[in-house]
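# Overview (structure and organization)
The primary structure of each chain is shown beneath.
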Amino acid sequence: WGLVSTDLDDLVVSSYHTDQYSGISHIYVQQRFQQIPIYGALATIGIKNNQAFSSANRFVSNIAQKVNTVNSQLSPSSAVFKLASHYDLGEVTDLEIINENINEFEFSSAFLSNKMIPVNKVFFLQGDQLRLAWDLNVDLKNQNHHWSARIDAISGEVLQTNDMVLFCQFDRPS
C-alpha cells in the first residue's frame with residue numbers, strides 16, 4: 001500500500017457488518033493521526049470464511065511529515081460562523097454546544113439548520129499537506145442546501161464544500 005509503519009499506528013474500525021445473504025463481512029478502517037481522523041482515509045476489507053479476499057484503501061502515506069499541526073487556533077463554533085459567512089447565510093444566533101467529546105462537537109441548530117450541527121476535527125489532504133480542519137454539516141432550514149464543509153482550523157479558510165442536495169431541472173417543450 002506504499003505506507004510506512006507509523007502510518008498504521010492509529011487505525012480504528014469505523015464500522016463493520018455482515019451481509020446476511022452472501023455471508024461476506026465488510027470492515028471499514030479509518031486512518032488517524034494522534035486520534036484525529038484523516039478525512040476520506042479509509043480502507044475496506046472483505047472477509048468470507050475467515051479469509052480476507054478483497055481490500056482497497058485511500059490511506060495517506062508519510063503522515064507525520066505531512067501534518068501541519070495538531071492544535072487548532074480556530075474554535076469549532078468559529079468554523080460554523082465561517083461557513084455561514086462564506087455562503088452569506090445571515091446572522092447565526094443561539095449557537096450552543098450540545099455535546100462535546102475531545103475532537104467532536106455537536107451544536108444547536110442556531111436557527112440555521114434543520115438538525116444539530118456536527119463539527120469534528122480532522123486532517124484534510126490538500127496537495128501534499130495534511131491540514132488540520134473542522135469537518136461540519138449544515139442542513140439549511142430552507143432545504144435548498146445541505147453543506148458538508150472542511151474549514152482550516154488555523155486560518156479559517158474554506159478548504160472544501162459539497163452540497164449534498166441534488167438539483168435537477170428539465171426544460172418543458174414549448
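From a predicted model like this one, the values you see are computed outputs, not experimental measurements.

Here the focus is the packing of aromatic side chains. Under the defined criterion, the tally for this structure stands at 4 aromatic pairs. Geometrically, the ring pair formed by Phe 33 and Phe 123 is edge-to-face, given 6.0 Å between the ring centres and 65 degrees between the ring planes. With Phe 33 in strand β2 (residues 25-33) and Phe 123 in strand β7 (residues 117-126), this pair connects stretches of sequence that are 90 residues apart. Arranged with centres 3.9 Å apart and planes meeting at 10 degrees, the rings of Tyr 87 and Trp 147 form a pair that is stacked. Linking Tyr 87 in the loop between α2 (76-86) and β5 (97-101) with Trp 147 in strand β9 (residues 146-152), this pair joins segments that are 60 residues apart in sequence.

Three or more residues of α2 are buried, namely Pro 76, Ala 79, Val 80, Leu 83 and Ala 84. Across the axial projection of α2, the buried residues extend over an arc of 135 degrees, all falling on one side.

Moving on to the side chain of Asp 152. One can find Asp 152 in strand β9. Polar contacts involving the side chain of Asp 152 include one to the side chain of Arg 131, which spans 2.7 Å. Reaching out from Asp 152, the side chain makes a polar contact with the backbone nitrogen of Ser 155 at a distance of 2.8 Å. What Asp 152 contacts, discounting residues up to four positions off in sequence, is Leu 74, Arg 131, Leu 132, Ala 133, Glu 157 and Leu 159.

Turning next to the pairing of strand β8 (residues 129-139). Within β8, 9 of the 11 residues are buried, which leaves the element mostly enclosed by the surrounding structure. Relative to β8, β7 is paired through 8 bridges, and the arrangement is antiparallel. Across the sheet, the residue bridging to Phe 124 is Arg 131, located in β8. Hairpin connection between β7 and β8: a loop of 2 residues separates the two successive antiparallel strands, and Gly 127 in this loop has a positive phi of roughly 65 degrees. Bridging between β8 and β9 involves 7 bridges; their strand directions are antiparallel. Looking at β9, one finds that Asp 135 is bridged to Arg 150.

All right, on to the environment of Ala 79 then. Inspection of the secondary structure assignment puts Ala 79 in helix α2. Taking relative accessible area as the criterion, Ala 79 reaches 0% and is therefore assigned buried. Counting along the chain gives 27 residues from Ala 79 to Ala 52, while the straight-line C-alpha distance between them is 40 Å. Residue contacts for Ala 79: discarding those within four places in its chain leaves Leu 74, Trp 134, Leu 136 and Ile 151.

Quick notes on the rules
- Throughout this document, residue positions are counted from 1 along each chain, in the order its sequence is written.
- In keeping with the model being predicted, local features are shown solely for residues with a pLDDT of at least 70 and side-chain atom pairs are shown and tallied solely at 80 or more, while totals for entire chains, interfaces and linings include all residues.
- No hydrogens and no water enter the side-chain calculation; it runs on all heavy atoms of the structure.
- When two rings of Phe, Tyr or Trp (its six-membered ring) have centres within 6.5 Å they constitute a pair, described as stacked for plane angles under 30 degrees, edge-to-face for angles over 60, and tilted for the intermediate range.
- In DSSP terms, a helix is any run of H or I states spanning at least four residues, a strand is any run of E spanning at least two, and both are numbered starting from the N terminus.
- For every residue, the accessible area obtained with a 1.4 Å probe (protein chains only) is divided by the maximum for its type, and the residue is called buried under 20%, exposed over 50%, and partly exposed between those limits.
- Summarising the geometry, the arc corresponds to the directions from the helix axis toward the C-beta atoms.
- By the criterion applied in these results, polar contacts are pairs of N or O atoms within 3.5 Å in which, for protein atoms, one can donate a hydrogen and the other can accept it, and in which residues neighboring in sequence qualify only through two side-chain atoms.
- We call two residues contacting when some pair of their heavy atoms lies within 4.5 Å.
- When DSSP finds two or more bridges between two strands, those strands count as paired.

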